[in-house]
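Take a look at the letters that make up each chain.
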Amino acid sequence: MVTIDFTLNGKRVTVDVNDNETLLFTLREKLSIKSVKEGCSIGECGTCTVLIDDETHYSCLTLSSKVTGRDVKTVEYLGNIIELHPLQEAFISCGAVQCGYCTPGMLLSAYSLLLKNKDPQDEEIKRAISGNLCRCTGYIQIIEAIRYAAGILKQNC
Ligand code: FES
Ligand code: FES
């Protein structure tokens, strides 16, 4: 057991973790972050995606002990039911959410992309979300939503 501290969605947290504990387990079971989902557990589906220092990572493959001192973000960072992030609004208005299982990870991959690239082309969007599987939408609406949100965010700059 080791005590780690890191920034989670803008707040400093301290938690005891086992040496082999995954960040997915720590977030869900110890810090009540249920938006981070367990799908495949082997780094293939992306439902467990989080941002570490604004880069996407599979939390099912990340040891919690490795995030000491780092900045971890989950979809709760982006917005909430009262104040949605433009990406969240775009996913809703473009019909990019169906069952919603992939959505938190998809939003974080899109958010990370738009931090680095304010005007991504479709190929760049596809590459950015290539680690996030969606079984419902066929991806077209998701790509449209990310493109649409990029336009809104550019206007707001
Ligand atoms: S649960 Fe982590 S990639 Fe599928
Ligand atoms: S909306 Fe169902 S898996 Fe993507």
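Bear in mind the structure is a predicted one, so any value in this text is a computation, not a measurement. (Residues numbered from 1 in each chain as written. Chains lettered and ligands numbered in written order. Predicted model: local features only at pLDDT ≥ 70, side-chain atom pairs only at ≥ 80, totals over all residues.)

Caption draft 1: Representation of the overall build of the chain in the model. Along its length, the chain carries 5 helices and 5 strands. N-terminal to C-terminal, the α/β element order of the chain is β-β-α-β-β-β-α-α-α-α. Against the globule reference of 15 Å for 157 residues, the chain gives a C-alpha radius of gyration of 15 Å, in line with a compact fold. Relative to its full complement of 157 residues, the chain shows a buried share of 40%. (Helix = DSSP H or I, 4+ residues; strand = E, 2+ residues; numbered from the N terminus. Rg over C-alpha atoms; globule rule 2.2 N^0.38 Å. Buried ≥ 20, exposed ≤ 12 C-beta atoms within 10 Å, placed from the backbone.)

Caption draft 2: Spatial organisation of helix 5 (residues 140-156). Helix length check: helix 5 (17 residues) gives 25 Å between terminal C-alpha atoms against 24 Å at 1.5 Å per residue, within 8%. For helix 5, every residue scored as buried is listed here: Q141, I142, I143, A145, I146, A149 and A150. The elements touched by buried residues of helix 5 are helix 2 (86-93), helix 3 (103-116) and helix 4 (122-128). (Expected span 1.5 Å × (residues − 1). Contact = placed C-beta atoms within 7 Å.)

Caption draft 3: Local environment of the environment of C60. Turning to its location among the elements, C60 is positioned in the loop between strand 4 (55-58) and strand 5 (71-73). In this structure the C-alpha to C-alpha distance between C60 and T103, which are 43 residues apart in sequence, comes to 17 Å. Aside from chain neighbours lying at most four places away, what touches C60 is T22, L24, E38, S41, G43 and C48.

Caption draft 4: Examining the domain arrangement of the chain more closely. When cut into domains, the chain gives domain 1 (2-76) and domain 2 (86-156). Taken over C-alpha atoms, the centre of domain 1 sits 21 Å from the centre of domain 2. Listed as interface residues are 16 residues of domain 1 and, on the opposing side, 12 residues of domain 2. Listing elements by their share of the side of domain 1 that touches domain 2, those giving two or more residues are strand 3 (49-52) and strand 4. Ranked by residue count, the leading element in the side of domain 1 that touches domain 2 is strand 3, at 3 residues. (Domains from an automatic or database assignment.)

Caption draft 5: Inspection of the packing of helix 2 against helix 5 at higher detail. Relative to each other, helix 2 and helix 5 sit at 135 degrees, their axes nearing to 8 Å. Relative to helix 5, the element helix 2 is oriented oblique. Seen from above, helix 2 lies across helix 5 with right-handed handedness. Contact with helix 2, carried on its side by P86, L87, A90 and F91, involves A145, Y148, A149, I152 and L153 of helix 5 and no other residues of that element. In terms of residue class, the contact of helix 2 with helix 5 is made up of 9 nonpolar, no polar and no charged. (Axes fitted to C-alpha atoms, helices over the stretch in contact; angles between N-to-C directions. Parallel < 35°, antiparallel > 145°, perpendicular 65-115°, else oblique. Left-handed = near helix turned anticlockwise from the far one by under 90°. Nonpolar A, V, L, I, M, F, W, Y, C, P; charged D, E, K, R; others polar.)

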